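Letter by letter, the chains look like this.
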Amino acid sequence: HSRKVGAALRYCSAPLLYNETQLQALRRASCNGSAPLGPLVAKACASSAHAHDNCTAWADATAVVQARLDDSSGLECCASLFFDHFGSPSVRCVRAETPLEALWLPALGAAAIMLISLRARRRRITQRLPQFQSAAMPDVDEGMSMIGTVVGDLPQASRTAFRPSQLAEALLHYNAPAAREKRRALVSKLGSRLGCQRSNCENQLEHLDSLLLSNLSESRGDYVRAIDDLHASLLQSHHRWRLHTTLRGQAEAASLAESHATTSARDVAERHARDPWGERPNTAVQLEEVALFLLLWGEAANLRFMPELLCFLFELARGYVANVKEGAADSRHDKGSYLDTIVRPIYSCVFHETFAEVEPGGAPKQLAAEALTEYPRNYDDWNEAFWSLDTLAKLRTHSGETVMAANPAERWALLQQANWEDFFVSSCKKTHHELRWWTGLIVSNRRIFLLHALSFGGCFIAVTNDTPHWNFNGWYGLAVLPPLLSLAPLSAVGGLAFEAWVSNDLRAKKRFHFGLGLGVLVLSASCCVSYVQAAVPFWRFERSMRPCDSIICRELQAPLVLMVLFWLCLVVLLLAAAWGALEFLPQTPAPSAFDANLLFERRTSLLMWKRLRVPGACRLRKEAIAWIKMHAFWAIVSAFKLTLCRLVLMPALIDSHDALSESFPSATIASADPLDPAPHLLLQPAHIVRWMLNGVLWAVGSTIYVADTWMWYQITMSFWGGVAGVAMHGNGSIRYWRNKEMLEMQNTLDKLIPREEHTKSAAASAFSKERWATLWSAVVDDMYESDLLTVEECRELRTNGPTKIPLIRSQEARRRLNFFARSLFDPRLPHSGGAVRAPGVTVLIPHYRETILTPVEELRRSPAGGKEASSLLGFLISYFHNEWQNFIARTTGKKACSLDRSAGSAAMRIAQAKGLDLEAACASYSDLQLRKWASLRQQTLYRTVSGMMKNERALSLLLRGQLSQAPQEKLQTLLSVKHRCLVAVQRYATMSAAEAEDVEVLFEDFPKLQVAYIEEEASGPSSSKSRRIGSDVPKVRYFSCLIDSSCEIDPETGKRKPRHRIELPGHPILGDGKADNQNCAIIFSRGSVLQMIDANQEGYLEESLKLCCALREFEVGERVFGTRPAVVGFREHIFSGLGALGEFAASSELVFGTLVQRSMAYPLYARFHYGHPDMLCKAAMMAQGGVSKATKGLNLSEDVFTGMEAVLRGQTVVHREYYQVGKGRDMGFLSILNFFVKLSKGTARMTTTRQAHRLGVRLGLGRVLGFYYAHAGYYVGQLHWYHATYGVLCLVFLGSVCEGTGLLPTAANSVAVMANLIYGPLFGLFLASALLPLSAVLLVERGLLTALLEPLRLVLSGSACYFIFQSRCVGYQLSDEYAFGGASYMATGRGLGIHRSHFKDLYATFSLPCFYPGIEL
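Computed from a prediction, not measured in an experiment: that's the story for all the values here. (Residues numbered from 1 in each chain as written. Predicted model: local features only at pLDDT ≥ 70, side-chain atom pairs only at ≥ 80, totals over all residues. Heavy atoms only, no water.)

So what exactly am I meant to see when it comes to the overall build of the protein chain here?
Broken down by element type, the protein chain carries 58 helices and 16 strands. Buried positions account for 56% of the 1417 residues belonging to the protein chain. When contacts within the protein chain are restricted to residue pairs at least 6 apart in sequence, long-range pairs at least 24 apart make up 78% of them. When the accessible surface of the protein chain is summed, it comes to about 58,800 Å², and 59% of that surface belongs to carbon and sulfur atoms. (Helix = DSSP H or I, 4+ residues; strand = E, 2+ residues; numbered from the N terminus. Buried < 20%, exposed > 50% of the residue type's maximum accessible area, 1.4 Å probe, protein only. Contact = heavy atoms within 4.5 Å. Areas by Shrake-Rupley, 256 points an atom, 1.4 Å probe, with all protein chains shown as cover.)

Here it is, written out as structure tokens:
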């Protein structure tokens, strides 16, 4: 009957069940004790000496015990009797404070052990860092990172230290034929020595020229610095690898001494290796090494997915080329010998791991199930074989010679005779088992689940301390501490067990065995402490802690054995708690790990050992600010979450539990033995069912507790990201086209086209107005050509400027212009430095079966029995009515093309190509214009290419703005250096005639477009073992080809002849398709930056004007802790919001592309790469194995692995919002949900990979929370909510059945508490987490009114029902993939959602995930 408030008891009364005799005995024992009476107790004893009935006796006893409570300042309630073995009564007391003062010594020891462990951990990490003599390292705020970066921040020249005309002349000079001939001679010499294909040499010569000119632009024409930067950026991974393997060889000299061959290999490596951190090679050597690496990389095909293998090949080739004499007999090899003797044998080992053979014109056939291993090796396993000198020393030739035992000049020749099959069998072990089950997800993110368990237990302790009947034998919350303290060590043991199994490493197994012993000890100690707490009441334990002289007092103490056992086990638990605290720290990777270079964790971990402030300044270091903001975000999430649990969830669980405990049939209780009722009641069905219901109750409660974290994450992100968005961009009600804003906007034009500093202010102002008028006119003309403006609107805008924007009818035109104006005020928009200084960029667009141009038959086809208005063309005309009218007005004169009979007209070209007369050609031309108009309003490749080629027009305008006096020919040359649009049309060689004609339309409209494709050629049976892919099947040769508009058309095939044709070692598509297609096309990219674009996007001219600013991010953008970003992400505008479902999908994508990615990038540092429209540093991508992963079935979501691998290797990812591209999404019911099916299955497979596991255990706690809830946590959360809802309804159903049958009379009302909780506060929380992010985005984009009304409109449109349906599909597919597997690429379709789906298709797709569970509920 006592309740706690803080640390004191507020009320103390005698037990109601005592009779008059017992109550008087309690009063006498309280008044006649050996201890002196306080004044309040003496007064109460004197006034309550006579009692005549039970009521008076209870009142007298209560007055005495309450007075004793008041005398003890509310700390001791002595309200019950205890009879010793003599039958003498004494008072039993309960104290509000626990004897924690005796725990300070073990706790202090545990803290000391944890600090010592941290110091030892840091020492181990420091010892693994490279130790070599070099110049003094700069401060971390000033220079390069600790490891992994070769070149730091070079001194930056002033922005005005060069003239654009001078830089342009330098670029043209080094691109002149004379300079290119010198580089051609160098590439030809290296190619002949290595036996490279001629086409590869020609292609990589162009690649080398583009990289050199790109770095020359950034270095302002400094040739030496450009070569130095190029060499450093392209080969920094090789330098790190070389240093890593050398250190490993020195650290494990004993293991290398097992044989004479390995010892010789190590000695030769140490004797002949050049120290990459010592003297830098001269410019000529640097250029030669860059060319050599490009030649090896360009012909490596699928081996490009193994970057450290390429480092090994480059190291051996460099030693061979550097030592071979000019004109020597063995210095030249046949063309293709590098492919045949090195690349193809390695590819063959990769191929035969999972595939059997390839039929001409078909895909590779997988091995039979009995021949396929349970966990086949993949690119990452083979690549990790080249991380250690131990493994490399096992590489031998067919004759038994060790490759690494030879001199550097001789290793390349031995490598051509290497026995790769034996090497991979003996040395390339499986280093990570991709277990397709929940185990990988739980173990990788065990810190997150452990944090939930501990906080849930803390809330339970806090609530039960205020609940008297949950006193656990008087121990209250202390009774829960032993299992809580043992959770973290047991979690660590589980992680060690998984590590030992998944990596199959001896070191991991030893750690597991040691941890298992400690885990058993901790579990035993926890059980012992819990036993003592159950056996000894707290009042006896407390009395045993005090000195006692009397026999009766000693009889009341706990046995000495139990006390000693309790304290020993408690010390073990406290030490285990110190071990468990280390579980929340990032895991130390193995010494052999090459991808253990997390930049953020490495820099923030130094904050513990150095000052937080910048020396000499009153400000915190950037690392400290980032760490504080990240953890402040999660502190807010935790505060909201714990408050809800403490005030709502946990009391509801305890109340429901109590109500169920009291729900017991009275007849059963009456029939029980009054002396010992327990055995009778325990066997009753009501008792068993009651405990089952309580188990379901707590399972549902814990599921809700885990699930609501994601909702609080969404809500916190809405406020955090929304405030950041308003701070950067203001709110959508701001008008940018008033005179004041217009003047400021013209002043910001210097960010796009920098002006000369020596220009006078008046002349500069006039020049700025002239440039602004030029760019503005180009933007207006582009919108007119896109049919967004009428002739009158175009004329008004050109004449009167942006002041007429509010009068434009087209909402899309207003949106684009408003965003363009807002982005110019973005504080993160960097100065471009001018188009002359911009690095080269390649826009890479993969294409498989996406529509290129909408066929005219499809446009005019009507549904059966339908009307013309219901056709695709009719729908487009009705939906884009104003644009159709503008199109008609713009092309009215062009339709009479018979008037234009010039040889170069479009009609004449069609007539000549198809052999038609001019009238028929005019009709064909009209159809073509109609197809283009329709294609520009659908998700087609033509729309994507048309938008991306606007980059060239924008760069041309910017170049002309800087080089106003330069001739057009020079501008075109510079333009070709700066930009390339490359479409990877994988199927071009096998396309139909209609598709090939559509490609020709692309070439006609965009002459500078480049198209890469894969070609196969059948020939006779293979006679060379090294060239054999399958067994006795006809050999098929595969080529990676490049064509452009200058290539002539083959009259036999009707296709263009390739300009470059590089043979591949075998079938290139060994994965799910997209990653392999990108890998085959990337060798034809140019420049130092890649932009990844999908075939359902579009670009805008006004955004292309900011392209140079975006490219500047890789030079002077945000250098997170002294490094340049490897990935720069940008936002998207979803243009496919047609219909209700299209709006739902578009709103989700809008939130993800703005608010979510903004918060993921900062403060969570958890943004990765999501494919489009991100820009990538090509050198960083080459160093980590490409722009995506390509293991079939495993890397289904191939793009995200680029960011994961970059983070593991010490790179950084940033996000910007001043640049955007258009993006189309699925709009039909089936296609949208199939898209989420693909995402769910891809996420399930992603959680099984080594990248996800290593990030989960190596990231800091704040970052791993962001990584989890931004990726897998979203999908798992949908499953949690389904389980919670299902469990609650199941609980209500079972309670109703138990009450209806009389088994538990009040069970229904007892479990209704949880149902009310789910459909009350938690439903409001669910609704807030769904609507607040959209409102926060719309507040920035469109203003306060839209932010309030648009979410409400979507709710009234039925979005809640749709998103519930989507949530169930997401959760089901994730669980289904874990259970059954079968993940594969799914073509969702990107057409307009104007066609009905058959019921059989809907039922077959959604019966298992949605219909059946819905019927059950």
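Before we go on, may I ask you to explain the pairing of strand β12 (residues 1089-1092) in this structure?
Look at any regular strand and the pattern is simple: side chains alternate between the two faces of the sheet. Burial of β12 is two-sided: the residues V1089 and Q1091 facing one way and the residues L1090 and M1092 facing the other way are all buried. Pairing of strand β7 (residues 841-847) with β12, which is carried by 4 bridges, proceeds in the parallel orientation. Paired with L844 across the bridge in β12 is M1092. With 3 bridges connecting them, β12 and strand β15 (residues 1175-1177) associate as antiparallel partners. (Pairing = 2+ DSSP bridges.)

What's the story with the pattern of salt bridges in this structure? I'm lost.
Should the charged atoms of two oppositely charged side chains come close, the side chains can pair. Under the defined criterion, the tally for this structure stands at 67 salt bridges. The partner of K1241 in a salt bridge is E1377, with the nearest N and O atoms 3.5 Å apart. Of this pair, K1241 sits in helix α50 (residues 1229-1246) while E1377 is found in helix α57 (residues 1359-1380), placing the two residues 136 residues apart along the sequence. Each member of the pair, K1241 as well as E1377, carries the same accessibility label: buried. (Salt bridge = Lys/Arg side-chain N within 4 Å of Asp/Glu carboxyl O.)

Where do I start with the state of the cysteines in this structure?
The term disulfide refers to a covalent linkage connecting the sulfur atoms of a pair of cysteines. Applying the stated rule across the entire model yields 2 disulfides. Two residues, C12 and C77, share a disulfide whose sulfurs are 1.9 Å apart. Its torsion about the S-S bond being 75°, the disulfide of C12 and C77 is classed as right-handed. You can see C12 sitting in the loop between β2 (8-9) and α1 (20-31) and its partner C77 sitting in strand β3 (residues 76-83), a full 65 residues away along the chain. (Disulfide = S-S within 2.5 Å.)

Got a minute to help me understand the packing of aromatic side chains in this structure?
Here the distance between the centres and the angle between the planes together describe a pair of aromatic rings. What the rule picks out here adds up to 62 aromatic pairs. Their ring planes at 75° and their centres at 6.0 Å tell us that F449 and Y1268 sit as a pair that is edge-to-face. Residue F449 is located in helix α19 (residues 446-464), and its partner Y1268 is located in helix α52 (residues 1261-1270); the two are separated by 819 residues in the primary sequence. Given a relative accessible area of 23%, F449 falls into the partly exposed group. One aromatic cluster is present, built from ring pairs that chain together F1144, F1229, Y1362, F1363, F1365, F1399, Y1403, F1406, F1411 and Y1412. Over the aromatic face of F1039 sits the side chain of R1061, whose NZ or CZ is 3.6 Å from the ring centroid. The residue whose ring lies beneath R1368 is Y1282, and the NZ or CZ to ring-centre distance is 3.8 Å. (Phe/Tyr/Trp six-rings, centres within 6.5 Å; stacked < 30°, edge-to-face > 60°. Lys NZ or Arg CZ within 6 Å of the ring centre and 35° of its normal.)

I keep staring at the environment of R937 and nothing clicks. Help me out?
Here R937 is to be found in the loop between α38 (918-935) and α39 (941-948). Once the C-alpha coordinates of R937 and S1136 are considered, the two residues, 199 residues apart in sequence, prove to be 9.1 Å apart. Setting aside residues no more than four positions away along its own chain, R937 makes contact with S786, D787, L876, F880, E883 and R943. Within polar-contact distance, the side chain of R937 engages the side chain of E883 at 2.7 Å. (Polar contact = N/O pair within 3.5 Å; in protein donor to acceptor, adjacent residues only side chain to side chain.)

Help me out: how do you make sense of the packing of helix α26 (residues 622-662) against helix α54 (residues 1307-1318) in this one?
Where α26 meets α54, the axes come as close as 8 Å, and the angle between the chain directions of the two elements is 170°. Of the possible angle classes, the one that applies to α26 and α54 is roughly antiparallel. Within the contact between the two elements, α26 uses V648, L649, A652, L653, S656, A659 and L660 and α54 uses A1307, S1310, V1311, V1313, M1314 and L1317. Grouping the constituent residues of the contact of α26 with α54 by class yields 11 nonpolar, 2 polar and no charged. (Axes fitted to C-alpha atoms, helices over the stretch in contact; angles between N-to-C directions. Parallel < 35°, antiparallel > 145°, perpendicular 65-115°, else oblique. Nonpolar A, V, L, I, M, F, W, Y, C, P; charged D, E, K, R; others polar.)

I keep staring at α50 and nothing clicks. Help me out?
Taking 1.5 Å per residue, 18 residues should reach 26 Å; α50 reaches 26 Å between its end C-alpha atoms and fits that length. Counted residue by residue, α50 has 16 buried out of 18 residues, so it is predominantly covered. (Expected span 1.5 Å × (residues − 1).)

I would appreciate a short explanation of the confidence of the model for the protein chain in the present structure.
Should pLDDT be low for a region, the predicted coordinates there are not to be read in detail. Of all residues in the protein chain, 81% have pLDDT values of 70 or greater, and the mean over the chain is 81. Taken element by element, the protein chain is modelled with least confidence in helix α9 (residues 253-256), mean pLDDT 33, and with most confidence in strand β8 (residues 979-985), mean pLDDT 97. Of the regions scoring below 50 in pLDDT, residues 1-7 engages in 21 contacts with residues more than four places distant in sequence or in other chains. Low confidence marks residues 1022-1034, where pLDDT is under 50. Its contacts with residues over four positions away, or in another chain, come to 26 contacts. (pLDDT = per-residue confidence, 0-100.)

How should I be thinking about the packing of helix α12 (residues 307-323) against helix α16 (residues 408-415) in this particular structure?
Axis angle and axis distance: for two packed helices, these are the angle between their axes and the distance between the axes, and together they describe the pair. Between α12 and α16, the shortest axis-to-axis distance is 7 Å and the interhelical angle comes to 120°. By the angle between their directions, the pair α12 and α16 is classed as oblique. Here α12 and α16 pass one another in a crossing that is left-handed. Counted together, F312, L313, L316, A317, G319, Y320 and N323 of α12 and P408, A409, R411, W412 and L415 of α16 form the full contact between these two elements. A class-by-class count of the residues in the contact of α12 with α16 yields 9 nonpolar, 2 polar and 1 charged. (Left-handed = near helix turned anticlockwise from the far one by under 90°.)

Help me out: how do you make sense of the environment of E1103 in this one?
Along the polypeptide, E1103 turns up in helix α44 (residues 1101-1104). Distance from E1103 to R816, taken between C-alpha atoms, is 8.9 Å for residues 287 residues apart in sequence. Leave out the neighbours within four places in its chain, and E1103 touches F819, F820, Y1218, Y1219 and Q1220.

What am I meant to see in a nonpolar patch on the surface here?
A contiguous nonpolar surface patch, about 420 Å² in accessible area, is contributed by L612, L620, I625, W627 and I628. Mapped onto the elements, I625 comes out in helix α26. (Patch = residues over 30% accessible without salt bridge, like charges linked within 9 Å, V, L, I, M, F, W, Y side chains within 5 Å.)

Honestly, the environment of E76 in this entry has me stumped. Any pointers?
As for its placement among the helices and strands, E76 is situated in strand β3. Taking the C-alpha atoms as reference, E76 lies 9.5 Å from V65; in sequence the two are 11 residues apart.

Please clarify how the nonpolar core should be interpreted in this entry.
Generally speaking, soluble globular proteins have nonpolar side chains that are buried together. Counting residues in each nonpolar core, the largest one holds 206 residues, and the members touching the most others are F312, W412, L415, W420, M650 and Y713. Broken down by element, the residue count for this core peaks at 14 residues, all from helix α29 (residues 685-729). Filtering out sequence-adjacent residues up to four positions away, M650 remains in contact with F456, C459, F460, V463, C645 and W698. In terms of nonpolar packing, the next biggest core, distinct from the first, is built from 89 residues, L216, I845, L941 and C981 among them. (Core = buried A, V, L, I, M, F, W, Y, C linked by side-chain atoms within 4.5 Å.)

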